[in-house]
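Breakdown of the fold
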Amino acid sequence: SGFSRNDVVRLITQSLHGLGYHRSAALLEEESRVRLLSPAVCQFRESVLGGQWDAAAERIPALDLNSPDAVAQVKGLILEQKFLELVHDQCVNGALDCLRSELVPALGQQADKVQALAACLMCSRDDDLRARCGWDVGPNAQAARMAARKRLLQDLHALIPPSVL
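Everything numeric here is computed off the predicted structure, so don't read it as measured data.

Digging into the side chain of Glu 85
- Among the secondary structure elements, Glu 85 is positioned in helix H5 (residues 68-88).
- Those residues in contact with Glu 85 that lie beyond four places of it in its chain are Trp 53, Trp 135, Arg 145 and Arg 149.

Laid out in structure tokens, this is it:
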């Protein structure tokens, strides 16, 4: 058929997850001994969803990205989320440090992006910040944060080869 057994099993497992059949997907992974995601990718996803930004950045090399540009883009997106969460938590010193020592070097020539992020420091209310950075205003701050992390993972999927994620 042109498709390897592993590719077919991964596709079926992904479809089962998408349909909400998580136990069936887990059973298929167990019986076939074909994992949808490698342990390194699972750790990366857990780091992102858990807001462990330094751990997520350390795990980027394990993703086997195709180019240095893709590595820089992934790192930049992770650092943006880290910065926005620091601002949201009112950790102004931490946010400034992240902006100066991590984001500015990572974003390089994207001065407009740096300026837009720096403007977030001026937001005085949570809902203003969430609106400015595109987070769902949602029922509460924690729900908005988790939705933003899930959206970050979706954005990262576009940069990571399908064979890895």
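Examining the layout of surface pockets
- In this structure, the second largest pocket encloses a volume near 290 Å³.
- Lining the second largest pocket are 15 residues, with Glu 80, Gln 81, Leu 84, Cys 133 and Arg 151 positioned closest to its centre.
- For the lining of the second largest pocket, the secondary structure elements donating two or more residues are H5, helix H7 (111-119) and helix H9 (141-157).
- Its residues assigned to classes, the lining of the second largest pocket shows nine nonpolar, one polar and five charged.

Overview of the state of the cysteines
- Going through the model one piece at a time under the given rule, you end up with zero disulfides.
- With no disulfide of its own, Cys 98 has Cys 91 as its nearest cysteine by sulfur position, at a separation of 11 Å.
- Left unpaired, Cys 120 is separated from the closest cysteine sulfur, that of Cys 123, by 5.4 Å.

Observations concerning the confidence of the model for the protein chain
- When the pLDDT values of the protein chain are averaged, the result is 87; 95% of them are 70 or greater.
- Confidence, read as mean pLDDT per element, is least for helix H8 (residues 126-132) in the protein chain (76) and greatest for helix H4 (residues 53-58) (95).

Comments concerning a nonpolar patch on the surface
- The grouping of Phe 3, Val 8 and Ile 12 at the surface amounts to a nonpolar patch, some 290 Å² of accessible area in total.
- Mapped onto the fold, Ile 12 is located in helix H1 (residues 5-18).
- The class of Ile 12 is partly exposed, set by a relative accessible area of 42%.

Overview of the packing of H5 against helix H6 (residues 92-107)
- Contact geometry of H5 with H6 gives a least axis separation of 9 Å together with a crossing angle of 165 degrees. Taken together, the axes of H5 and H6 lie roughly antiparallel to each other. Here H5 and H6 pass one another in a crossing that is left-handed. Counting all contacts with H5, which are made through Gly 76, Leu 79, Glu 80, Lys 82, Phe 83, Leu 86 and Val 87, the residues of H6 involved are Gly 94, Ala 95, Cys 98, Leu 99, Glu 102, Leu 103, Ala 106 and Leu 107.
- For the contact of H5 with H6, the per-class residue count stands at 10 nonpolar, two polar and three charged.

Comments concerning the packing of helix H3 (residues 39-49) against H9
- Contact geometry of H3 with H9 gives a least axis separation of 9 Å together with a crossing angle of 145 degrees. Packed against H3, whose contacting residues are Phe 44, Arg 45, Val 48 and Leu 49, the element H9 presents Met 146, Arg 149, Lys 150, Leu 152, Leu 153, Leu 156 and His 157 at the interface.
- By residue class, the composition of the contact of H3 with H9 is seven nonpolar, one polar and three charged.

Conventions adopted
Residues numbered from 1 in each chain as written. Predicted model: local features only at pLDDT ≥ 70, side-chain atom pairs only at ≥ 80, totals over all residues. Heavy atoms only, no water. Helix = DSSP H or I, 4+ residues; strand = E, 2+ residues; numbered from the N terminus. Contact = heavy atoms within 4.5 Å. 1 Å grid on protein atoms, 1.4 Å probe; cavity = no way out; pocket = protein on both sides within 12 Å on 5 of 7 lines; lining within 4 Å. Points joined across faces, edges and corners; volume = space filled by probe spheres on them. Nonpolar A, V, L, I, M, F, W, Y, C, P; charged D, E, K, R; others polar. Disulfide = S-S within 2.5 Å. pLDDT = per-residue confidence, 0-100. Patch = residues over 30% accessible without salt bridge, like charges linked within 9 Å, V, L, I, M, F, W, Y side chains within 5 Å. Areas by Shrake-Rupley, 256 points an atom, 1.4 Å probe, with all protein chains shown as cover. Salt bridge = Lys/Arg side-chain N within 4 Å of Asp/Glu carboxyl O. Buried < 20%, exposed > 50% of the residue type's maximum accessible area, 1.4 Å probe, protein only. Axes fitted to C-alpha atoms, helices over the stretch in contact; angles between N-to-C directions. Parallel < 35°, antiparallel > 145°, perpendicular 65-115°, else oblique. Left-handed = near helix turned anticlockwise from the far one by under 90°.

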